[in-house]
Amino acid sequence: MTPPRRARTTLRTCAAAGVAIALAGLAAACAELGPLADATSPIFDAVLGPAGAGAASDERTVADGLREALRVGSERSVARVSQPGGFASNPLLRIALPDEWTRAANALRGVGLGKPVDDLEAGMNRAAETASAEATAVLWDAVRGITIQDAFAILRGSDDAATTYFRGRTETTLRARFEPVVTSAMQKVGVYQAVRDFTAPIERLPLVSVPSLDLEAHVTQRTLDGLYRTLALEEAKIRRDPAARTTELLRRVFGS
């Protein structure tokens, strides 16, 4: 049975928005998703255009578009942050020492012992870069359960519905699966030796100590935050820049 005209229009609109929703759910950049629900929105018109609005017309295309956008965005993001300096050289992503260790770090710098502090921070960022190289499969598995119905519910929700949905459904799982990867990377790049080099001179300073904390959890969370932020930038490129739509399916959904 041929669906009514209004149903076909709604499906085309939601299908085109579906790919954007998938990646926007990966980071805080999804605040713009609300206007996508309205085909008269300037954002919708500018990003999708007439060709994009009518390109994806069935649920199979929606599902394929979601997977394609996630594959492209994840691969680009992981390639960016896993390269040398991907975290360390990016002020938006660089991982600093935990706040609890700031007083001890300042005390070391104050007596001319800043190198152990710098080495520890450098090691944490190298660990994040090393671990990120293995993130693609973890991210893909985490979003595999997103359904067309979920996408439509996100579309009808508030401006931050996609972020709330994705992080609420996946962040705990991602953290649990990713932390062993980060721990292994920390061992590989010498973070634990850097911690010993950091704490040893502090023990000789009066009235200064290094509080106990879960450094693996700290680096894991900052690594995930960096991945989410980078994925947000890739999502924005796919939505706004035709040159970023590097596959036929993305061009069909977003326009060429």
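Above this text you will find the structure in question.
All values reported here derive from a predicted model rather than from experimental measurement.

Student: Whenever I open this one, the packing of helix 5 (residues 102–110) against helix 10 (residues 191–202) confuses me. Can you help?
Tutor: Axis angle and axis distance: for two packed helices, these are the angle between their axes and the distance between the axes, and together they describe the pair. One way to put it is that helix 5 packs onto helix 10 with a least axis distance of 10 Å and a crossing angle of 70°. Here helix 5 is positioned roughly perpendicular relative to helix 10, judged by the angle of their axes. Contacts from Ala104, Ala105 and Leu108 of helix 5 reach helix 10 at Phe198, Pro201 and Ile202. Within the contact of helix 5 with helix 10, the residues separate by chemical class into six nonpolar, no polar and no charged.

Student: Before we go on, may I ask you to explain the environment of tryptophan 101 in this structure?
Tutor: Of note, tryptophan 101 is situated in the loop between helix 4 (59–81) and helix 5. Tryptophan 101 sits 111 residues away from serine 212 along the chain, and the two C-alpha atoms are 9.2 Å apart. Excluding its chain neighbours within four sequence positions, the residues that come into contact with tryptophan 101 are Leu120, Val195, Phe198, Val210, Pro211, Leu213 and Leu215.

Student: Just to check I follow, could you spell out unusual backbone geometry for this structure?
Tutor: Excluding glycine, residues mostly carry a negative phi; peptide bonds, for their part, are mostly trans. Phi at leucine 207 is positive, roughly 65°, even though this residue is not glycine. Residue placement: leucine 207 occurs in the loop between helix 10 and helix 11 (215–240). Taking relative accessible area as the criterion, leucine 207 reaches 77% and is therefore assigned exposed.

Rules used throughout
Residues numbered from 1 in each chain as written. Predicted model: local features only at pLDDT ≥ 70, side-chain atom pairs only at ≥ 80, totals over all residues. Heavy atoms only, no water. Axes fitted to C-alpha atoms, helices over the stretch in contact; angles between N-to-C directions. Helix = DSSP H or I, 4+ residues; strand = E, 2+ residues; numbered from the N terminus. Parallel < 35°, antiparallel > 145°, perpendicular 65-115°, else oblique. Contact = heavy atoms within 4.5 Å. Nonpolar A, V, L, I, M, F, W, Y, C, P; charged D, E, K, R; others polar. Buried < 20%, exposed > 50% of the residue type's maximum accessible area, 1.4 Å probe, protein only.

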